[in-house]
Amino acid sequence: MSPRRSAPYTPHQRRSFVEGLRSRIVALGSWWMSSVTVRVVSLVMLAGIVSMVVAGSVIVSQVRSQLFDRAVTSAVDQFEAARASAQSTFGTTVLTAGQIEQAANELIISQYDPVRSIVGAALLRTPNQDETSFQIAEPSTQSSTQIVTLISAEMRQAVPGSTGVLWQSVALPNDNGSTSPGIVAGASLELPGAGQYEFYVAYSLENQEETVRLVTGILMAGALVLVLLLALITWLVVGLVLHPVREASQNARKLADGAFDARMRVHGEDELAQLARSFNQMAQSISDQFTRLERMSKVQQDFVSAVSHELRSPVTTIRMAGQLIYDKRDELPTALRRSAELQHDQLINLDTMLSDLLEISRFDAGAMTLATEPSDLADIVRRTIRAQLPLAQSNGVVVYMQTQGDTTAQIEPRRIERIVRNLVVNALEHAESRPVRIRVVGGRRLWQLKCRTTASA
């Protein structure tokens, strides 16, 4: 069996993941930019979340501080009462060493009461003191919380020289390996015959911590509900405000498509109602202007059609008479012969202009159709130049023509000839006796006609 070759690694999947992530980001950006509702709701939610976080942090901090201060005050008061009671017991009666040992053990045992958040106590002999009549064993509660290990060296140094109660925050170990907040209170205690001792009691603040966690959870749940309600209300309000805007946009598109009867519904007297009224006034004004323009266009079409038809008969008569004179031009003197030729050319132009007027009237009436055929643009330009030679000669203009490329195209020759004639006539009339150069450039998808006047040498 031949060994199998592993295919080379290509980072196709990674590229696909990156491209997919990028496309999602682009889609989210497009969604963000294309929707005012999304932007407003997102910004309101962001502002609400920031406000809730700030307000919640302040509230939780104040609750934690108040609960901690009250718990510490209560614990110190309890410790002071226990210390005063113990000192009174040791100082009012004469006790033997065994009785003092027993009283000390009972004092320490009494300071273990989880119901009252008292988790243990210890009685430690103050170091570096003079020899006493006897010493007692240092009793401490045997619980999971080793009180002795929680007392810091700084507190051991401060308690013997203090007449009041000292305390410090500690982390109390739990059975499951976790810790809970607490404090250790300490004060000096004088035992007759045994010397000076240090009395320490540990108090748990786990109940207060649970209260803080409960308050934090309630605040987070309330903040979440409040932010969602705020987003819902914002969405409804923004939708209510943007509804007339969307309606105006739809009606504007209808107006652009020619539906001049598009109108907005007006409700109430507020700013949105004023927007609807203004839009309706604009639509009515556009409709009136369009109707007026249609009427004027109809009048203009009728006028052009009537003029062209009325001029057709006299122009035909004049052209027939001019044609007779043109046919007899060889019998006329030289000056009259030239006038007959000019008259004949201009009558042809006048007849062409009348045909153009008729075509324009038909085009405005919508009765024109485009009839194309393969034609050479260069030939059309040459015919136009020949027809306008009298105008060029009268203006003292020399016309040069140049062609380049394939000038054949699928066109309607008569309309293109009219366009070319307008360009050439304008060039001849405004050349100011300078040469006119006409260049026809053709190609597979483009043809150009350039008329350029140049200063004579």
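Please refer to the structure higher up on the page.
Residues numbered from 1 in each chain as written. Predicted model: local features only at pLDDT ≥ 70, side-chain atom pairs only at ≥ 80, totals over all residues. Heavy atoms only, no water.

(A) Fine view of helix α6 (residues 206-256). For α6, built from 51 residues, the straight-helix expectation of 75 Å at 1.5 Å per residue is met to within 8% by its first-to-last C-alpha distance of 72 Å. Following α6 by one or two positions, Gly258 adopts a phi angle in the positive range, close to 100°. (Helix = DSSP H or I, 4+ residues; strand = E, 2+ residues; numbered from the N terminus. Expected span 1.5 Å × (residues − 1).)

(B) Up close: the environment of Arg382. Tracing the backbone through its elements, the reader meets Arg382 in helix α9 (residues 377-387). Given the relative accessible area of 34%, Arg382 is considered partly exposed. Measuring from C-alpha to C-alpha, the distance between Arg382 and Met401 comes to 8.1 Å, with 19 residues separating the pair along the chain. Aside from chain neighbours lying at most four places away, what touches Arg382 is Met401 and Thr403. One polar contact links Arg382 to Asp379, side chain to side chain, over a distance of 2.9 Å. (Buried < 20%, exposed > 50% of the residue type's maximum accessible area, 1.4 Å probe, protein only. Contact = heavy atoms within 4.5 Å. Polar contact = N/O pair within 3.5 Å; in protein donor to acceptor, adjacent residues only side chain to side chain.)

(C) The arrangement of the nonpolar core in detail. Counting residues in hydrophobic clusters, the biggest one holds 28 residues, and the most contacted among them are Phe90, Leu123, Leu189, Leu191, Phe199 and Tyr203. Sorting elements by how many residues they give to this core places helix α2 (residues 36-92) first, with eight residues. Sequence-distant contacts of Tyr203, defined by excluding residues within four places in its chain, comprise Ala75, Gln78, Phe79, Gln111, Ser117, Ile118, Val119, Leu172, Gly182, Ile183 and Ala185. Core analysis: the next-biggest nonpolar cluster, separate from the first, contains 19 residues, Val381, Ile385, Val425 and Leu428 among them. (Core = buried A, V, L, I, M, F, W, Y, C linked by side-chain atoms within 4.5 Å.)

(D) Molecular detail of the pattern of salt bridges. Following the criterion strictly, the structure yields seven salt bridges and no others. Residue Arg64 is joined to Glu209 by a salt bridge in which the shortest nitrogen-to-oxygen separation is 3.2 Å. Taken together, the residues span a long stretch of sequence, with Arg64 in helix α2 and Glu209 in helix α6 at a distance of 145 residues. The exposure class assigned to Arg64 is partly exposed, which follows from its relative accessible area of 39%. Taking the shortest distance from any N to any O, the salt bridge between Arg213 and Glu210 comes out at 2.2 Å. Highlighted residues: Arg213 and Glu210, both in helix α6, separated by three residues, approximately one helical turn. Owing to a relative accessible area of 39%, Glu210 belongs among the partly exposed residues under this scheme. (Salt bridge = Lys/Arg side-chain N within 4 Å of Asp/Glu carboxyl O.)

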